[in-house]
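# Descriptive structure summary
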Amino acid sequence: MSPQEIKEIWTSGGRKTARARIILRRGKGNIVINERSLEEYFPLPEQRIILFQPFSVLNLKEKDFDLSFKISGGGISGQLEAARHALARALERFNPQWRPALKKAGLLTRDARAKERKKYGLRKARRAPQFSKR
């Protein structure tokens, strides 16, 4: 199937406990996140730069695609990176020739780092109670 034949692509991405699902289709640049506008959900320009990193790596314009995100879990930063991961995976499915560029930029790899669980007898995951000699 060529990219022109594809109507829409559904994929998902993740980071820590955040999950993002995306529907990507050719369009006029409409971007909806949890039924809110992009500016409402991610108000800072730095956040939009991170979100659209797959487009900048491929020298594409976000105005050529309609994006619809459903994001849940985690915090703002985790949700942002989950959305970026989902977008990169959707673009890779849209045109498999873009895979090497996205892979080289590290956008297709799910960041496996997550908070380590707390262990009993410790204050945090690794922080032990303070030792007193006397």
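Counting restarts for each chain: residues are numbered from 1 in the order of the written sequence. Only residues with pLDDT of at least 70 are given local features in this predicted model, and only at 80 or more are side-chain atom pairs given and counted; all residues enter the totals for whole chains, interfaces and linings. Hydrogens and water molecules were not included; the side-chain quantities draw on all heavy atoms of the structure.

### A closer look at the packing of aromatic side chains
Any Phe, Tyr or Trp ring, taking Trp's six-membered ring, that has another such ring centre within 6.5 Å forms a pair; planes under 30 degrees apart are called stacked, those over 60 apart edge-to-face, and the others tilted. Taken as a whole, this structure holds five aromatic pairs when the rule is applied. Ring centres 6.0 Å apart and planes at 25° place the aromatic pair Phe94 and Trp98 in the stacked group. Judged by its relative accessible area of 2%, Phe94 falls in the buried class. On the basis of relative accessibility, which here comes to 17%, the residue Trp98 falls in the buried class. Cluster of aromatic residues (ring-pair linked, three or more members): Phe52, Phe55, Phe65, Phe94 and Trp98. Burial classes follow relative accessibility: with a 1.4 Å probe on protein chains only, a residue under 20% of its type's maximum area counts as buried, one over 50% as exposed, and anything between as partly exposed.

### So, the environment of Asp64
In this text, helices come from DSSP runs of H or I with a minimum length of four residues, and strands from runs of E with a minimum of two, each type numbered from the N-terminal end. As for its position among the elements, Asp64 is in the loop between α3 (53-57) and β5 (65-72). For the pair Asp64 and Gly78, spaced 14 residues apart in the sequence, the C-alpha separation amounts to 26 Å. Only heavy atoms matter for contacts: two residues are in contact if any of them lie within 4.5 Å across the pair. When residues no more than four places from it in sequence are discounted, the contact partners of Asp64 are Arg26 and Gly27.

### Some remarks on unusual backbone geometry
Positioned with a positive phi, Asn34 is a non-glycine residue whose angle comes to about 50°. Here Asn34 is to be found in the loop between β3 (31-33) and β4 (36-37). A relative accessible area of 23% places Asn34 in the partly exposed class. The backbone phi angle of Asn59 is positive, close to 55°, even though this residue is not glycine. Checked against the element boundaries, Asn59 lands in the loop between α3 and β5.

### Quick notes on a positive patch on the surface
Only residues whose relative accessible area exceeds 30% and that form no salt bridge are eligible for patches; like-charged ones are grouped when within 9 Å, while nonpolar side chains (Val, Leu, Ile, Met, Phe, Trp, Tyr) are grouped when within 5 Å. Here the accessible surface of atoms and residues is derived via Shrake-Rupley with a 1.4 Å probe, and residues count as covered only by protein chains that are part of the display. Salt-bridge detection follows one rule: a side-chain nitrogen of Lys or Arg within 4 Å of a carboxyl oxygen of Asp or Glu. Charge counting treats Lys and Arg as positive and Asp and Glu as negative, with His and both chain ends excluded. In this description, the location of a charge corresponds to atom NZ of lysine, CZ of arginine, CG of aspartate or CD of glutamate. A contiguous patch of positive charge on the surface is contributed by Lys16, Lys115, Arg123, Lys124 and Arg127. Within the fold, Arg127 resides in the segment after α5 (99-104).

### Some thoughts on the pairing of strand β2 (residues 18-26)
Regular strands place their side chains on alternate faces of the sheet. Strands were regarded as paired on the criterion that DSSP finds at least two bridges between them. Across eight bridges, the pairing between strand β1 (residues 8-15) and β2 is antiparallel. Considered in β2, the bridge of Thr11 is made with Ile22. Between the antiparallel neighbours β1 and β2 lie two residues, among them Lys16 with a positive phi of about 50°. By the bridge criterion, eight bridges tie β2 to β5 in an arrangement that is antiparallel. Bridged to Leu24 within β5 is Leu67.

### Concerning the side chain of Thr11
As for its placement among the helices and strands, Thr11 is situated in strand β1. Residue classification places Thr11 among the buried residues on the basis of a relative accessible area of 10%. We define a polar contact as two N or O atoms separated by no more than 3.5 Å, with the added condition that, inside protein, one atom must be a possible hydrogen donor and the other a possible acceptor, whereas residues neighbouring each other in sequence contribute only through side-chain atom pairs. Looking at Thr11, its side chain comes within polar contact range of the main-chain oxygen of Ala86, at 3.1 Å. Residues in contact with Thr11, not counting those within four places in the same chain, are Ala20, Arg21, Ile22, Ala86, Arg89, Ala90 and Arg93.

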